[in-house]
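Commentary on secondary and tertiary structure
One-letter residues, chain by chain:
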Amino acid sequence: MITTEQVLSDYTTLGLGGPAARFVQAESQGELIAAVREADRAAEPVLVLGGGSNLVVADDGFPGLVVLAAAAGTELARDGDSVRATVAAGQDWDEFVRQCVGAGLSGVECLSGIPGRAGATPIQNVNAYGQDVADTIVSVLVYDRLTDAVVPVAAADCGFGYRTSVFKRQAGGGGRGADLNPASATGRFVVLAVTFRLAASPLSAPIRYGELSRVLGVTDGGRVPLADARAAVLELRRGKGMVLDPADLDTRSAGSFFTNPVVGAAQYADLAARQGAASASAGLPHWPAPDGQVKLSAAWLIEHAGFSKGFALPGGEGGARISTKHALALTNPGGGSTASLIRLARQIRAGVAAEFGVELANEPVLVGVTL
């Protein structure tokens, strides 16, 4: 049933967002497709909503139809030495990971504790603690709004990259196509289900993240029982306020607000030289990236530009602040507004650019607001 003026703050982990002009909860793939198709035929803006954990919605809300993708469930099928797990877009992601760990299926255990729903994972190419969903995705079932058809997209055609995919890139204005309302917050492809190929093993995939390796007491590439990997990841995430907890105000966020910037080798060398040899060796975290580029730590840049954990706008304007546990998370401890969150994000981005000459990009989807 379609309702009007549904407040979207009830559906985002930030607890921010104004009303939707129209709102409907889709309990099946068919209902989701029908709702989007009807809105497209009426040239109405569309926002398909999952867990709201990677979303920033304007205080004014959304001037069109918001469709909550609520169809859940997982189907398992043996595939030689592995198992194919097809999960509906509306399935809670961490519950899916918990089920996989319990069933002895390896490949997503280091993605434990990530809030949201399964349908969002291929869009962002969700990654954490050395695992990407791109490592195990076989295909993504989508509704193509331009052709009005349901089609499977093979992993090779998903255009996966660091925190991106063809689905995310097609969400931009140029990727929607002339027949779709440019005010839509959802792009050409609506994710219906995701199929993963997981190893049937009681052991984790090789651990390739230094912080996690140290907690687990293994060397790079070591393997541990699935439950141990999941428990360690959850512990690390809780320590950073990255596991939803009503009692922890730092978890009222959209996760990491900025992606780790990727720069050219020359820019990195110049930046390291300007920081000084001691700083470059002891700080300035960096990792190799494709094509000879270098990935930097956005959290390090933010803190060293003068924005410490817990930083808020002067006078606590609007309530938004940086998490007290992790410099990458911008939070709404209560009583905040999207406008104040965006002002804070703009100040941080400008400060990092002024200090280091590096432009930070937002990770969450911005609806009705810009940086």
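Just so we're clear, the structure is a prediction, and the values are computed from it rather than from any experiment.

**Overview of the packing of aromatic side chains**
- Inspection of the entire model under this criterion finds nine aromatic pairs.
- Ring plane angle 50 degrees and centroid distance 5.7 Å describe the contact between Trp93 and Phe196, whose orientation is recorded as tilted. On the criterion of sequence distance, the pair formed by Trp93 in helix α2 (residues 93-102) and Phe196 in strand β13 (residues 189-200) is long-range, its members being 103 residues apart. Each member of the pair Trp93 and Phe196 is classed as buried.
- Summarising the aromatic geometry, the rings of Trp300 and Phe356 are spaced 5.8 Å apart at their centres and angled 45 degrees between planes, so their arrangement reads as tilted. One end of the pair, Trp300, is in helix α10 (residues 298-304); the other, Phe356, is in helix α11 (residues 338-356), and 56 residues separate them in sequence.

**Side note on helix α7 (residues 226-239)**
- The end-to-end C-alpha distance of α7, which contains 14 residues, comes to 20 Å, matching closely the 20 Å that a straight helix rising 1.5 Å per residue would cover.
- By the burial criterion, the buried members of α7 are Leu226, Ala229, Arg230, Ala232, Val233, Leu234, Leu236 and Arg237.
- Those residues of α7 that are buried are in contact with α2, β8 (105-106), β9 (127-128) and α6 (210-216).
- One or two steps after α7, the chain reaches Gly241, where phi turns positive at roughly 70 degrees.

**Points about the pattern of salt bridges**
- Throughout the structure, instances matching the rule amount to 17 salt bridges.
- A salt bridge links Asp148 to Arg37; the shortest N-O distance between them is 2.8 Å. With Asp148 in the loop between β11 (137-144) and β12 (149-154) and Arg37 in helix α1 (residues 29-41), the pair connects residues that are 111 residues apart, well separated along the chain.
- For Asp148, a relative accessible area of 34% corresponds to the partly exposed category.
- We classify Arg37 as partly exposed; its relative accessible area is 26%.
- The residue Glu95 makes a salt bridge to Arg98 at a minimum N-O spacing of 2.5 Å. Of this pair, Glu95 and Arg98 both sit in helix α2, separated by three residues, roughly a single helical turn.
- Glu95 sits in the partly exposed class, given a relative accessible area of 26%.
- Through salt bridges with shared partners, one network takes in Asp248, Asp250, Arg321 and Lys325.

Cut-offs used in this document
Residues numbered from 1 in each chain as written. Predicted model: local features only at pLDDT ≥ 70, side-chain atom pairs only at ≥ 80, totals over all residues. Heavy atoms only, no water. Phe/Tyr/Trp six-rings, centres within 6.5 Å; stacked < 30°, edge-to-face > 60°. Helix = DSSP H or I, 4+ residues; strand = E, 2+ residues; numbered from the N terminus. Buried < 20%, exposed > 50% of the residue type's maximum accessible area, 1.4 Å probe, protein only. Expected span 1.5 Å × (residues − 1). Contact = heavy atoms within 4.5 Å. Salt bridge = Lys/Arg side-chain N within 4 Å of Asp/Glu carboxyl O.

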